[in-house]
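Here is what each chain is made of, one letter per residue.
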Amino acid sequence: MEFELFKMLFSDKKEREKRLEFCNNCEHKRDRWLGVFEEESCGLCKCSIPKKVALKKSSCPIEKW
């Protein structure tokens, strides 16, 4: 049951890597999340990139993925 829930919420490793590749090459990528935390973030939607690419239902604000 727990594994099924995990699969419903989170993208698989291949999908996360594909999304991360787009984000790493994006002009909107920032090195600090919310200007405070040392975690990469999107300059448009302000989301943490590692967290956003992991969520299955999330999407890129400029529709790269």
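Scroll up for the structure.
Residues numbered from 1 in each chain as written. Predicted model: local features only at pLDDT ≥ 70, side-chain atom pairs only at ≥ 80, totals over all residues. Heavy atoms only, no water.

A.B. asks: Summarise the packing of aromatic side chains; cite the residues concerned and give the values.
C.D. replies: Following the criterion strictly, the structure yields 2 aromatic pairs and no others. A centroid spacing of 4.9 Å and a plane angle of 35 degrees characterise the contact between F6 and F10, whose relative ring orientation is tilted. Aromatic side chains W33 and F37 sit 5.5 Å apart centroid to centroid with 40 degrees between the ring planes, which places their arrangement in the tilted category. Assessed through its relative accessible area of 22%, W33 is described here as partly exposed. Judged by relative accessible area, which is 46%, F37 ranks as partly exposed. In this arrangement the basic side chain of K51 is found over the ring face of W33, its NZ or CZ atom lying 5.2 Å from the centre. (Phe/Tyr/Trp six-rings, centres within 6.5 Å; stacked < 30°, edge-to-face > 60°. Buried < 20%, exposed > 50% of the residue type's maximum accessible area, 1.4 Å probe, protein only. Lys NZ or Arg CZ within 6 Å of the ring centre and 35° of its normal.)

A.B. asks: Before we move on, could you go through the side chain of K52 and cite the residues and values that matter?
C.D. replies: Looking at where K52 falls in the secondary structure, it is placed in helix α3 (residues 49-54). Of the buried charged residues, K52 lacks a salt bridge, with E63 as the closest side chain of opposite charge at 11 Å. Among all residues touching K52, those that are not within four sequence positions of it are R19, C45, C47, S58, S59, P61 and W65. (Helix = DSSP H or I, 4+ residues; strand = E, 2+ residues; numbered from the N terminus. Lys, Arg positive; Asp, Glu negative; His and termini not counted. Salt bridge = Lys/Arg side-chain N within 4 Å of Asp/Glu carboxyl O. Contact = heavy atoms within 4.5 Å.)

A.B. asks: Requested: an account of the pattern of salt bridges, with residues and values cited.
C.D. replies: What the rule picks out here adds up to 8 salt bridges. K13 is paired through a salt bridge with E17; the nearest N and O atoms lie 4.0 Å apart. On the criterion of helical spacing, the pair formed by K13 and E17 is a turn pair, its members being 4 residues apart in helix α2 (residues 13-24). Residue K29 is joined to E40 by a salt bridge in which the shortest nitrogen-to-oxygen separation is 3.0 Å.

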